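Inside the fold
If you want the building blocks of each chain, they are given just below.
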Amino acid sequence: MIEHVHTHITSELQQNTKTDIIFILTSIALNLITLAVNSGFVEQSRTDKSSLAVMFVFVILIVLVNIVVIIGLVKGRQTRNKLIKGLMAMYRDKDVAKYYDETLLSNYNVRYNLFIMVVVCTGVIATIVPFILR
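The residue count restarts for each chain, going from 1 along the sequence in the order it is written. In view of the model being predicted, local features appear only for residues whose pLDDT reaches at least 70, and side-chain atom pairs are presented and counted only at 80 or more, with totals across whole chains, interfaces and linings using the full set of residues. To get the side-chain values, all heavy atoms of the structure are used, and hydrogens and water are removed first.

1. Focus on the environment of Thr34
By secondary structure assignment, the location of Thr34 is in helix H1 (residues 2–45). Three labels apply to residues, based on accessible area from a 1.4 Å probe with only protein chains included: buried if under 20% of the type maximum, exposed if over 50%, partly exposed otherwise in between. With relative accessibility at 1%, the residue Thr34 sits in the buried group. Through-space distance from the C-alpha of Thr34 to that of Leu61 is 8.9 Å; in sequence the pair is 27 residues apart. The criterion used for residue contact is that any of the two residues' heavy atoms lie within 4.5 Å. Not counting residues within four places of it along the chain, the set of residues in contact with Thr34 comprises Phe58 and Ile62. Numbering of helices and strands runs from the N terminus; a helix is a DSSP stretch of H or I covering at least four residues, while a strand is a stretch of E covering at least two.

2. Comments concerning the packing of aromatic side chains
Any two of the Phe, Tyr and Trp rings considered here, Trp counted by its six-membered ring, make a pair once their centres fall within 6.5 Å; the pair's planes then place it as stacked at under 30 degrees, edge-to-face at over 60, or tilted in between. Tallied over the entire structure, the rule returns three aromatic pairs. On the numbers, 5.0 Å between centres and 35° between planes, the contact of Phe56 with Phe131 is tilted. One end of the pair, Phe56, is in helix H2 (residues 49–93); the other, Phe131, is in helix H3 (residues 104–133), and 75 residues separate them in sequence. Owing to a relative accessible area of 44%, Phe56 belongs among the partly exposed residues under this scheme. Taking relative accessible area as the criterion, Phe131 reaches 26% and is therefore assigned partly exposed. Ring centres of Tyr91 and Tyr100 lie 6.2 Å apart, and the angle between their planes is 55°; on these two criteria the pair is classed as tilted. Residue Tyr91 is classed as buried on the basis of its relative accessible area of 16%. Whether a charge lies above a ring is judged from NZ of Lys or CZ of Arg, which has to be within 6 Å of the ring centre and within 35 degrees of the ring normal. Cation over ring: Arg80 sits above Tyr108, and NZ or CZ is 4.8 Å from the ring centre.

3. Focus on the nonpolar core
Within this scheme, the nonpolar core is defined by two criteria: the residues are buried Ala, Val, Leu, Ile, Met, Phe, Trp, Tyr or Cys, and they are joined through side-chain atoms within 4.5 Å. Counting 12 residues, the largest nonpolar core consists of Ile9, Leu13, Leu83, Ile84, Leu87, Met88, Met90, Tyr91, Ala97, Tyr100, Leu105 and Tyr108. Elements with a minimum of two residues in this core: H1, H2 and H3. With residues up to four places along the chain from it excluded, the contact list for Tyr108 reads Arg80, Ile84 and Tyr100. Counting residues in hydrophobic clusters, the runner-up holds six residues, among them Val69, Tyr112, Ile116 and Val119.

4. Let's talk about the packing of H2 against H3
Axis angles are defined between N-to-C directions and span 0 to 180 degrees, where every axis is a line fitted to C-alpha atoms and, for a helix, only to the segment in contact. Between H2 and H3, the least distance of the axes is 10 Å, while the angle of their chain directions is 180°. As summarised for this structure, H2 and H3 are arranged roughly antiparallel, according to the angle between their axes. Only Asp, Glu, Lys and Arg are considered charged in this grouping, and only Ala, Val, Leu, Ile, Met, Phe, Trp, Tyr, Cys and Pro are considered nonpolar; every other residue, Gly among them, is considered polar. The residue inventory of the contact of H2 with H3, partitioned by class, reads 20 nonpolar, seven polar and four charged. Here the angle decides the label: under 35 degrees means roughly parallel, over 145 means roughly antiparallel, 65 to 115 means roughly perpendicular, and every other value means oblique.

5. Notes on the pattern of salt bridges
Each reported salt bridge corresponds to a side-chain nitrogen of Lys or Arg within 4 Å of a carboxyl oxygen of Asp or Glu. One pass over the structure, following the stated rule, counts two salt bridges. A salt bridge links Glu43 to Arg46, with the shortest nitrogen-to-oxygen separation between them at 2.8 Å. Judged by its relative accessible area of 38%, Arg46 is partly exposed. Residues Glu102 and Arg92 are paired through a salt bridge, measuring 3.4 Å at the closest nitrogen-oxygen approach. Within this pair, whereas Glu102 is found in the loop between H2 and H3, its partner Arg92 is found in helix H2, the two being separated by 10 residues in sequence. Note on Glu102: relative accessible area 45%, which makes it partly exposed.

Structure, rendered in structure tokens:
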């Protein structure tokens, strides 16, 4: 039974990683695409108010999607911590905990913070640059 639980937890960790990757890639892709689209609207937005409105709609989209991604990454970090703590408890019970370095938890937390920083930075750049060009 313990092997089944171990397999279940490790598969949950793998699913968590895949979900995090989807969140990150979606956010970065959207930010870069929106940067390109809004940069393309810069010239028109100087004279056409509807182009400026479209730029602001894309900014709202960036903000909303990035908030969702950040919440998803925070929840992903919390889930990973809980799953790994469960594995550590199992490893301690089976006297094999010495093979898993618990400092990996802090490394994972740093990695999540870096991912969140990348999302925020690309979002800020995608938001600000077109308006600077304007």
